[in-house]
Amino acid sequence: MSERVVLAFSGGLDTSVAIPFLAEQMDAEVIAVAVDLGQGGEDMDVIQKRAIDCGAVESVVVDAKEEFAADFCVPALQANALYMDRYPLLSSLSRPLIVKHLVAAAKQFGGTTVSHGCTGKGNDQVRFEAGALAALAPELKVVAPARDYAWTRDKAIAFAEDKGLPIETTKKNPYSIDQNLWGRAIETGFLEDIWNGPTEDIFAYTSDPAQPREADEVVITFKEGVPVALDGRALSPFQIIDELNRRAGAQGVGRIDMVEDRLVGIKSREVYEAPGAIALITAHMELENVTVERDLARFKRGVDQRWSELVYDGLWFSPLKDALDTFIADAQKYVSGDIRMTLHGGRAVVTGRRSEESLYDFSLATYDTGDTFDQSLAKGFVQLWSLPSKIAAARDARHG
């Protein structure tokens, strides 16, 4: 019996080429597993058929949209997860879930090896192998054709053309694209020259923010850090993210062009579009400003950054990330209320906040009649607060 390889299949160049290549190199039967993570613009029936047309003996499509939204996007939202303060971890979040379903398929079909389309330069090889497979199924072997057999992108395109594989990537369209519910990543091609600006044709989730249009106002309701409604309509996390992708995307919200520090030690130019993620993170951060006590908020910002780094580095199942999850969940118990936002011109701008758990006290904050803040206490507070600096300054003066 031939060896069975379970392949994480996206339908793109690298994984389409991998099917006949693995069959030839390993004399293996390839089982393609495509995971529906809510990626817009992709027909999963077409992707399923493409795997068979490329030579897979089985082609499985897993509907994981709701699971991805609730179990991966929502924790990232509660952590305000932005790697390098900009990137909302769209690819990083999907890998542990994909691996979970690869392991399930390996058990179902008798697979002994799993495969992915990652290169040796990227972060995803770590997320698939060290981060997830090592934790969920260390007994499975791993093969990565693009990395292990030194595939270059031009060689992969030539192989695909020689085999007549039904894929869309050509020499005229050389982008590498990864997309899911949380956003879309575009890289390679002319974008590798970091002086080149992105052209409008590479974007799919967002419209040109410079084009004139009417603004869109939305009210997002949270309960304990989880988005539960839009404009008063109760919806699931998946439905909320999906609708905000359309509405914020129509306003050009969520475009990101950055040079990113990869885990493998190189810098990489990445272009992202994440309209729903950026709108939600902006709203959630503002609601935390209203409902989370100052010292807890200050400490959580450091936790959020470390959480983002762990997930980016492929350590979703690590003990530290699990411990930080517990802290973040506890910090969300009062993050409930409504945030009103205006979506327009590429920006998501908060214009209103309300919460029964609010720590904002109008009578303490106002400068008008009705002010209950006792300003007579401030003078002594300022003197005591500045005392250590005053004493240190006197010592410094003695030493010239």
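Described in the following lines is the structure provided in the data block.

What counts as what
- Residues numbered from 1 in each chain as written.
- Predicted model: local features only at pLDDT ≥ 70, side-chain atom pairs only at ≥ 80, totals over all residues.
- Heavy atoms only, no water.
- Patch = residues over 30% accessible without salt bridge, like charges linked within 9 Å, V, L, I, M, F, W, Y side chains within 5 Å.
- Areas by Shrake-Rupley, 256 points an atom, 1.4 Å probe, with all protein chains shown as cover.
- Salt bridge = Lys/Arg side-chain N within 4 Å of Asp/Glu carboxyl O.
- Helix = DSSP H or I, 4+ residues; strand = E, 2+ residues; numbered from the N terminus.
- Buried < 20%, exposed > 50% of the residue type's maximum accessible area, 1.4 Å probe, protein only.
- Pairing = 2+ DSSP bridges.
- Right-handed = clockwise from strand over helix to strand, strands pointing away.
- Core = buried A, V, L, I, M, F, W, Y, C linked by side-chain atoms within 4.5 Å.
- Contact = heavy atoms within 4.5 Å.
- 1 Å grid on protein atoms, 1.4 Å probe; cavity = no way out; pocket = protein on both sides within 12 Å on 5 of 7 lines; lining within 4 Å.
- Points joined across faces, edges and corners; volume = space filled by probe spheres on them.
- Nonpolar A, V, L, I, M, F, W, Y, C, P; charged D, E, K, R; others polar.
- Axes fitted to C-alpha atoms, helices over the stretch in contact; angles between N-to-C directions.
- Expected span 1.5 Å × (residues − 1).
- Parallel < 35°, antiparallel > 145°, perpendicular 65-115°, else oblique.
- Disulfide = S-S within 2.5 Å.

Brief notes about a nonpolar patch on the surface
A surface patch of nonpolar side chains, about 400 Å² in accessible area, is lined by Phe381, Val382 and Trp385. Checked against the element boundaries, tryptophan 385 lands in helix α13 (residues 378–385).

Some details on the pairing of strand β1 (residues 3–8)
Across a regular strand the side chains alternate sides, sitting on one face of the sheet and then on the other. By the criterion of burial, β1 is predominantly enclosed, with 5 of the 6 residues buried. Sheet topology places β1 next to strand β2 (residues 28–36); 6 bridges connect them, and they run parallel. Paired with valine 5 across the bridge in β2 is valine 30. Where the polypeptide runs from β1 across helix α1 (residues 13–26) and back to β2, its parallel neighbour, the crossover connection is right-handed. Note: β1 against strand β4 (residues 113–115), 3 bridges, orientation parallel. Counterpart to valine 6 in the pairing with β4 is valine 114.

Overview of unusual backbone geometry
Of note, methionine 84 is a non-glycine position whose phi angle comes to about 55 degrees, a positive value. On the secondary structure map, methionine 84 appears in the loop between α3 (65–78) and α4 (90–109). Among the residues examined, methionine 84 registers a relative accessible area of 34% and is labelled partly exposed. The phi angle at glutamate 224 is positive, at roughly 50 degrees, despite the residue not being glycine. Locating glutamate 224 in the fold gives a position in the loop between β8 (216–223) and β9 (226–230).

Thoughts on the pattern of salt bridges
The tally for this structure, following the rule as stated, stands at 32 salt bridges. When the shortest N-O distance is used, the salt bridge between aspartate 330 and lysine 333 registers 3.9 Å. Taking relative accessible area as the criterion, lysine 333 reaches 43% and is therefore assigned partly exposed. When salt bridges with common partners are traced through the structure, they connect Asp216, Asp231, Arg233, Glu243 and Arg247 into a single cluster.

Observations concerning the nonpolar core
Counting 77 residues, the largest nonpolar core has Phe68, Leu89, Leu93, Trp182, Ile220, Leu280 and Trp307 as its most contacted members. Looking at which element gives the most residues to this core, the answer is α4, with 10 residues. With residues near it in sequence (within four places) discarded, isoleucine 220 still touches Ala229, Leu230, Leu244, Ala279, Leu280, Ala283, Gly337, Asp338, Ile339 and Met341. Counting 27 residues, the second largest nonpolar core, distinct from the first, contains Phe9, Ala34, Ala156 and Ala160.

Considerations on the layout of surface pockets
Regions of empty space are outlined by a rolling probe, equal in size to a water molecule, passed over the atoms. The space that makes up the second largest pocket amounts to roughly 500 Å³. The wall of the second largest pocket is formed by 18 residues, among which Asn80, Met285, Ala297, Arg301 and Asp304 lie closest to the centre. Within the residue set of the lining of the second largest pocket, elements represented by two or more residues are α9 (275–291) and α10 (294–312). Each residue belonging to the lining of the second largest pocket can be placed in one class, and the counts come to 7 nonpolar, 4 polar and 7 charged.

Thoughts on the sheet that holds strand β7 (residues 183–187)
Sheet strands pair via backbone hydrogen bonds, and the direction of the pair is either parallel or antiparallel. Within the open sheet, the 4 strands sit side by side as β6-β7-β12-β11. Their pairing is antiparallel. Looking at the sheet topology across the chains shown, the edges are occupied by β6 (176–180) and β11 (255–261). Direction aside, neighbouring strands of the sheet carry axes that sit 25 degrees apart on average.

Some words on helix α14 (residues 387–398)
Between its terminal C-alpha atoms α14 stretches 17 Å, which fits the 16 Å expected from 12 residues at 1.5 Å a residue. Burial analysis of α14 places just 0 of its 12 residues in the buried class, which makes it a mostly uncovered element. Backbone geometry just downstream of α14 places glycine 400 in the positive-phi region, at approximately 75 degrees.

Let's talk about the sheet that holds β4
Read across the sheet, 5 strands follow the order β3-β2-β1-β4-β5 without closing on themselves; strand pairing throughout is parallel. On the outer flanks of this sheet lie β3 (58–63) and β5 (141–143), each paired with one strand and no other. Adjacent strand axes in the sheet meet at a mean angle of 25 degrees, parallel and antiparallel pairs treated alike.

Description of the packing of helix α8 (residues 237–250) against α9
Running from N to C, α8 and α9 cross one another at 100 degrees; their axes reach a closest spacing of 7 Å. For the element pair α8 / α9, the angle class is roughly perpendicular. Counted together, Ile240, Ile241, Leu244, Asn245, Ala248 and Gly249 of α8 and Pro275, Gly276, Ala277, Ala279 and Leu280 of α9 form the full contact between these two elements. Of the residues assigned to the contact of α8 with α9, the class counts are 8 nonpolar, 3 polar and no charged.

As for the state of the cysteines
Counted according to the given criterion, the structure contains 0 disulfides. Lacking any disulfide linkage, cysteine 73 is separated from the closest cysteine sulfur, that of cysteine 118, by 19 Å. For cysteine 73, a relative accessible area of 1% gives the class buried. No disulfide involves cysteine 118; its nearest neighbouring cysteine sulfur is the one of cysteine 54, lying 18 Å away. With relative accessibility at 10%, the residue cysteine 118 sits in the buried group.

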